[in-house]
Amino acid sequence: MNSPMDATANDVLGKLFSLDGTGDLLAQPFVRNALLAAALLGLVAGVLAPLIVARGMGFAVHGTSELAFTGGAAALLLGVSVSVGAVAGSVLAGLVFGLLGLRQRERDSVIGVVLAFGLGLGVLLLALYPGRASNKFGLLTGSIVSVDSTNLQVLVVVTILVLATMAVIYRPLLFASTDPEVAVARGVPVRLLSPLFAVLIALVTALAVPIVGAILVLSVTIIPGAAAARVTASPVVATVLAVVIAEVALVGGTVLSLAPGLPISGYVATIAFLGYLVCRIIGRARGQVRTG
Amino acid sequence: MTGPPPVDGREPAAVTLRGATVRFGARTLWEELDLEIPRGEFVAVLGPNGSGKTTLLRVLLGLQPLDAGEVLVDGHPARRGGEGIGYVPQQKALPEDLPLRARDLVGLGLDGHHLGLGLRGRRERNRRVDAALDAVGAGRYARSPVGRLSGGEQQRLRVAQALVGDPRVLLCDEPLLSLDLAHQRTVSRLIDERRRNAGTAVVFVTHEINPVLPLVDRVLYLVDGRFRFGTPEEVMTSETLSELYRTDVEVLRVRERLVVVGVEESGHHHDAVVPAPGGAAR
C-alpha cells in the first residue's frame, strides 16, 4: 500500500526524528559545550523574556538580532571574531532602540527602517565574504559546532553580568515596565532603565545568534515570556515558567538535533511554540486571561 | 516611620512652599506661592486647565525644580523619590494583559523604587501589602490580574498602592476622574479615613470640588498665575473667584453642591504628571 509519497514522508520524518547515535554524540566534548551554552542562554533569555513582553519590545528584539547578524557578517568579512561583531552590532542597535522616542508608532517605524537597512547590509557583506558558505548560513540559523570553549567563557561571563544587573534593577525595572506613571512619581529613573535594559537584551541577543541564529532569536527571547503571560499574572511565577520553557526548548532542541545533524533552531522554535500553545490552552481553560 | 525632629517643639508642616515660582520659558505658571499644609489637612487644588495644578504635584514630587523659592515636604526639601509621599494617579484602565496581580501593584508602591531583589524582609513586606489591601477592601481579589478588575477596583488598589508605604503626604491627581458616583464616594472615603487616622496630609488636584466638598479643609485655587488659598467658604465665593478670573463669576449653592457660573467648565483634563513612556504604554 506504500505509495512513493508515503515513503518520502517517512524518510523526512525519519530524518527529523532520529535518536540513532544520540548517546554517542552526547559524550562528545563539542556537544557538551553546546548543551551548556544552550542551558546558559535559556537561563538569561527566560529571565528577560517576561519583561520584554511586558514592555512590548518584541519588534525591538527582532531588530536587535538582525543588527547582531549585520555585525557578525561584518566581522566575518574583516576576519575578526564573529561574536565581537555580533555584540557590537546588537549593542549599538539596542542603544538606539532604547533611546528612541516614546510613541509606539514612531518606535515601530524607526526599528523597521534600521532593521531593513541592517539586514540588507548584512546580506551584502556575506556575499562579499570569500570563505565557506556554512559560516554564512550559521549566522542566520545557528550552528552547534560554532560553540567552542572561548564562546563558552564569554557566555558564562555575560550570563553572570546580565543576571547580576537584573538582580539589582529588577524591581524598578518591573515598576517602570508595568506602571510607568507612578514609577516616575516615585522617583524611578525610567529614562535610564530603558537603554540599560536594551543593552542587556543586546548582549543576550548577540550570544543567541551563533546558537539559534539571528532569525530565531525571538524564539527564546519572546516565546517563553509570551507563553508564561497566558497562564499567570504573577511576575515571579512568570519568570520561573519562562526560564523552564526556554530551557526545555534550548536543551531539548539541541538534543533532538544531534542525530539528524540538522540546525537546532528549527527544533528550538518548535518546542517553544508548542509550549506557547499549551500555555494558551491552559490559560483559556482557566479563564486566567481573556482572549480578545 | 520616624519624621524629622520637630523644630521648636512643633511637628513640621506636611507641605511648605515659600515664594515658590515656576516659569516655562517666558510664561510664569505661578509665582510667590506661599503655602503651609499641616498634618492631617485635606487641601483641594482647583483651577482651569494649564493653571499649573499638575505642575504643583510635580514640584512636590521633586520632578519639577522651582525657579525661585523653596519647597519642603515633611520638613525636607522635595526630592525625586523622596520617602513619605504617596501618589494616586488619574484612573486609567490598566491594560488587560498587564502581567501584575493586585498585590504586585500594591507591592510596587511599597518598594518598587528600591534596588535589589528585596529577598530579606519578605514576610514583613507581605504583611504590609496584605494590610494595605484589607484597608481598602481589596483582599478578596489580591491575587487577580489587575487588568481584569473593574475601574473602581483598580482605583481602590491605587489608593492601597499609595498608602502602603505609610506616607505623611498623599498627592492625588484627579483620582476620581471617570469613576461612577458610588466609586467616587468609596475612594474619597478611603482617603479621608487615612488622613483622620494617620494624620496624612492630602493634596487633591481636581476639576470638580463637589465630590470631596465635605472633606476639604482648604482650597488652593489657581488661575493664570494668580491664586487664593483658604477655606472653601473664603475661596468659593462670587467675589473671590471674580477677582481671580478677572471676570464676573457667580458661585451658587444648590443643595449641598457648589455651582460656578460664568467660567467655562474645564471638563475632563488628561494631563498626567508624566507622559507614559512608549515602552509600556499600550
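Just above sits the structure.
Predicted model only: the values in this text are computed from it and were never measured.

Thresholds, definitions, all that
Residues numbered from 1 in each chain as written. Chains lettered and ligands numbered in written order. Predicted model: local features only at pLDDT ≥ 70, side-chain atom pairs only at ≥ 80, totals over all residues. Heavy atoms only, no water. Contact = heavy atoms within 4.5 Å. Buried area = accessible area lost by both parts, 1.4 Å probe. Salt bridge = Lys/Arg side-chain N within 4 Å of Asp/Glu carboxyl O. Helix = DSSP H or I, 4+ residues; strand = E, 2+ residues; numbered from the N terminus. Nonpolar A, V, L, I, M, F, W, Y, C, P; charged D, E, K, R; others polar. Buried < 20%, exposed > 50% of the residue type's maximum accessible area, 1.4 Å probe, protein only.

Engineer: Is there a simple way to explain the interface of chain B and chain A in this structure?
Structural biologist: A common way to express how large an interface is: the accessible area buried when the components associate. With 42 residues of chain B at the interface, the matching set in chain A holds 36 residues. Carbon and sulfur atoms supply 57% of the area that chain B and chain A bury against each other, a total of about 3,500 Å² over both sides. Along the contact surface separating chain B from chain A lie three salt bridges. The partner of Glu181(A) in a salt bridge is Lys92(B), and the shortest N-O contact between them spans 3.1 Å. Elements that contribute at least two residues to the side of chain B that touches chain A include exactly strand S6 (85-88), helix H2 (102-111) and helix H4 (151-163) of chain B. The dominant element in the side of chain B that touches chain A, judged by the number of residues it contributes, is H2(B), at five residues. Residue composition of the side of chain B that touches chain A, grouped by class: 21 nonpolar, eleven polar and ten charged.

Engineer: I would appreciate a short explanation of the pattern of salt bridges in the present structure.
Structural biologist: Opposite charge on two side chains makes pairing possible when the charged atoms of those side chains draw close. All names here are of chain B. All told, the structure shown has 17 salt bridges over all chains when counted by the stated rule. Notably, a salt bridge pairs Arg194 with Asp166, separated by 2.6 Å at the nearest N-O pair. Placement of Arg194 in helix H5 (residues 181-198) and of Asp166 in the loop between H4 and strand S7 (169-173) is noted, with a sequence separation of 28 residues between them. According to the relative accessible area criterion, Asp166 is partly exposed, its value standing at 33%. With its nearest N and O atoms 2.3 Å apart, the salt bridge here joins Glu243 to Arg228. Taken as a pair, Glu243 in helix H7 (residues 238-245) and Arg228 in strand S10 (residues 226-230) lie far apart in primary sequence, 15 residues in all. Take Glu243: its relative accessible area is 46%, and that puts it in the partly exposed class. Residues joined by salt bridges that share partners form a network here, namely Asp192, Arg195, Arg196 and Asp217.

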